[in-house]
Amino acid sequence: MRSAKPYDISKQLVWEAYQSVKANGGAAGVDKESIEAFEVRLKDNLYRIWNRMSSGSYFPPPVKAVPIPKKSGGTRVLGVPTVSDRVAQTVVKKILEPILEPVFDHNSFGYRPGKSAHDAIAVTRLRCWRDDWVVEFDIKGLFDHIDHGRLIKALRHHCTINWVLLYVERWLKAPLQQRDGDLIPRDMGTPQGGVVSPLLANLFLHYAFDGWVRRTMPGVPFCRYADDGLLHCKSRRQAEWVMAQITSRLRECGLEINSEKSRIVYCKDKNRQEEHEGISFDFLGFTFRPRRCVSECHGVHPNFLPAISRASMKSINREIRSWHVQLKNDKTLKDLSNMFNAKLRGWFVYYGRFYPSELRQIWRNVNGYLVHWVRRKYKRLSGHKRRAWQYLRGLAQANPKLFVHWEIGCLP
């Protein structure tokens, strides 16, 4: 029996897409409708999405432009779709992702199921031990400069589902709405913040970069996480040639290397003593550079290792300072744990995976703010800094699981 709708999209798929959107949270789009407001008429809203997508009459609303500050300075513009549009995009993503995943290279790690930033860091660490030189590159404004024609051509090569192709094209053309209400038409790029955008960006770079490296430089290992990438080389001469090649290749595909974030790095350690101005690079919040290492075979020696970057450290300390822990003397220690320990644990899980001793300064800062809290909360300790530290140490020893750094032994 034929479906009454032109496109066979199940209601169950729309329901699952909504559940994913709800789990991920996110801000309202141009219609100012939050997830909570969307749920007031949940059944009607989901039926409307299913009905329009199944009939081919779904047209995405404009995408809300939201500038956010970058760690390196300046701003990045996120494109925030409405809640309804995020559900519709997730419907397409759930169909498209299983089609494209087998196509992608195993050295592409960003925004992919079963792959993580830690996987990329671990692979990079091993390759830095093996090869002396690294070409570090960053693509300038990747999401804003993806060529629609090339992207759709690649998509049609792998996907023959008409409604998926139809809605991807409509999303690519959806205008960007500024704060003042002005609409900016788009003839290139895919909004950073859209549900399907990372998947489409990976497809574009699979052909613009990953597959091209495989064909033209089969002996050069690479690792890419979205628009950041690394290539490992045997010599400085090879690294210079590789940098020139990828710069030219990306230009051919309408993309540009970010010269401020792209360079050649020498992986200096105890066996590598060549002089070079660049002996460190940042990747996914970690800095790779020569670090003190202790082993049974070689004793204390420098090794090329990753640890939390200075920029990440500054960002974390800035956020901890913004909590104003010392001013919350109306709270109990258990309250503070409930408020902040999940965030601290998240940082520990991510940055503590490699060279965790570099996090000690963060844990010292947290303990310092807690001492200030103790001195403000208990008047008898307000003028006795040493006694306040001793008191906090006693609390930590009695309640080691309240804060993640106390669990691992970083006591006051």
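Remember, it's a predicted structure, so these values are computed and weren't measured experimentally. (Residues numbered from 1 in each chain as written. Predicted model: local features only at pLDDT ≥ 70, side-chain atom pairs only at ≥ 80, totals over all residues. Heavy atoms only, no water.)

S.K.: An account of the overall build of the protein is requested, with residue identities and associated values reported.
M.R.: Counting its secondary structure elements, the protein contains 14 helices and 11 strands. Along the first, second and third principal axes, the C-alpha set of the protein runs to 75 × 60 × 45 Å. Split into buried and exposed, the 412 residues of the protein put 47% on the buried side. When contacts within the protein are restricted to residue pairs at least 6 apart in sequence, long-range pairs at least 24 apart make up 68% of them. Only carbon and sulfur atoms are counted for the fraction: they give 50% of the accessible area of the protein, which is about 21100 Å². Mean positive and mean negative side-chain charge positions of the protein (67 and 40 charges, respectively) differ by 7 Å. (Helix = DSSP H or I, 4+ residues; strand = E, 2+ residues; numbered from the N terminus. Buried < 20%, exposed > 50% of the residue type's maximum accessible area, 1.4 Å probe, protein only. Contact = heavy atoms within 4.5 Å. Areas by Shrake-Rupley, 256 points an atom, 1.4 Å probe, with all protein chains shown as cover. Lys, Arg positive; Asp, Glu negative; His and termini not counted. Charge placed at Lys NZ, Arg CZ, Asp CG, Glu CD.)

S.K.: Can you lay out the packing of aromatic side chains for me, pointing to particular residues and giving the numbers?
M.R.: Taken as a whole and judged by the stated rule, the model has 21 aromatic pairs. Aromatic side chains W15 and Y18 sit 5.3 Å apart centroid to centroid with 40° between the ring planes, which places their arrangement in the tilted category. With W15 and Y18 both in helix 1 (residues 11-24) and 3 residues apart, the pair spans about one turn of that helix. Classification of W15 as partly exposed rests on a relative accessible area of 34%. Assessed through its relative accessible area of 5%, Y18 is described here as buried. Lying across the ring of F109, K115 places its NZ or CZ 4.7 Å from the centre. (Phe/Tyr/Trp six-rings, centres within 6.5 Å; stacked < 30°, edge-to-face > 60°. Lys NZ or Arg CZ within 6 Å of the ring centre and 35° of its normal.)

S.K.: Give a description of the side chain of R86 that names residues and reports values.
M.R.: Considering the arrangement of structural elements, one finds R86 in helix 4 (residues 83-100). Nearest to the buried, unbridged R86 among oppositely charged side chains is D31, at 7.7 Å. There is a polar contact of 2.9 Å between the side chain of R86 and the backbone oxygen of A27. Setting aside residues no more than four positions away along its own chain, R86 makes contact with V21, G25, G26, A27, I35, V80, P81 and V195. (Salt bridge = Lys/Arg side-chain N within 4 Å of Asp/Glu carboxyl O. Polar contact = N/O pair within 3.5 Å; in protein donor to acceptor, adjacent residues only side chain to side chain.)

S.K.: Explain helix 13 (residues 385-398) residue by residue, including any values.
M.R.: Given a rise of 1.5 Å per residue, 14 residues ought to cover 20 Å, and the 20 Å separating the end C-alpha atoms of helix 13 matches this to within 8%. Listed as buried for helix 13 are A388, L392, L395 and A396. On an axial view of helix 13, the arc spanned by its buried residues comes to 100°, and they lie on one face. In this structure, helix 13 carries R386, Q397 and A398 as exposed residues pointing more than 90 degrees from its buried face. Each element contacted by the buried residues of helix 13 is listed here: helix 11 (333-351), helix 12 (360-377) and helix 14 (404-407). (Expected span 1.5 Å × (residues − 1). Arc of directions from axis to C-beta.)

S.K.: Explain the sheet that holds strand 7 (residues 228-233) to me, using residue names and the numbers behind them.
M.R.: One open sheet accounts for 4 strands, arranged 6-7-3-8; its pairing is antiparallel. Of all strands in the sheet, those with a lone pairing partner are strand 6 (222-225) and strand 8 (263-266), marking the two edges. Each strand axis lies, on average, 20° off the axis of its neighbour in the sheet, ignoring direction. The sheet contacts of helix 9 (residues 236-252) involve strand 3 (133-138), strand 7 and strand 8, and relative to strand 3 the element is tilted by about 20°. (Pairing = 2+ DSSP bridges. Axes fitted to C-alpha atoms, helices over the stretch in contact; angles between N-to-C directions.)

S.K.: Could you give me a rundown of the layout of surface pockets, with the residues and numbers involved?
M.R.: Each pocket or cavity is described by its volume, and for the second largest pocket that value is around 320 Å³. Looking at the second largest pocket, the residues that line it are S20, V21, N24, G25, G26, R86, T90, K93, K94, G193, G194 and V195. Only helix 1 and helix 4 provide two or more residues apiece to the lining of the second largest pocket. Element by element, the count of residues in the lining of the second largest pocket is highest for helix 4, at 4 residues. In the lining of the second largest pocket, the residues fall into 2 nonpolar, 7 polar and 3 charged. (1 Å grid on protein atoms, 1.4 Å probe; cavity = no way out; pocket = protein on both sides within 12 Å on 5 of 7 lines; lining within 4 Å. Points joined across faces, edges and corners; volume = space filled by probe spheres on them. Nonpolar A, V, L, I, M, F, W, Y, C, P; charged D, E, K, R; others polar.)

S.K.: So what's going on with the nonpolar core? Which residues, and what values?
M.R.: Core analysis: the biggest nonpolar cluster contains 67 residues, and M53, V87, V92, V135, L231 and I246 have the highest contact counts within it. In terms of residue count, helix 8 (residues 197-216) provides more of this core than any other element does, 10 residues in total. The contact partners of V92, leaving out residues within four places of it in the chain, are M53, W163, V164, Y167, V168, W171 and V196. Within the second largest apolar cluster, 50 residues are counted, among which are F109, F286, F288 and V404. (Core = buried A, V, L, I, M, F, W, Y, C linked by side-chain atoms within 4.5 Å.)

S.K.: I'd like a description of the pairing of strand 1 (residues 63-69), backed by residues and values.
M.R.: By the bridge criterion, 2 bridges tie strand 1 to strand 4 (residues 176-177) in an arrangement that is parallel. If you follow K64 over to strand 4, its bridge partner there is Q177. Note that strand 1 and strand 2 (residues 75-80) share 6 bridges and pair antiparallel. Across the sheet, residue K64 finds its bridge partner in strand 2, namely V80.

That's the geometry; what it means functionally is another story.
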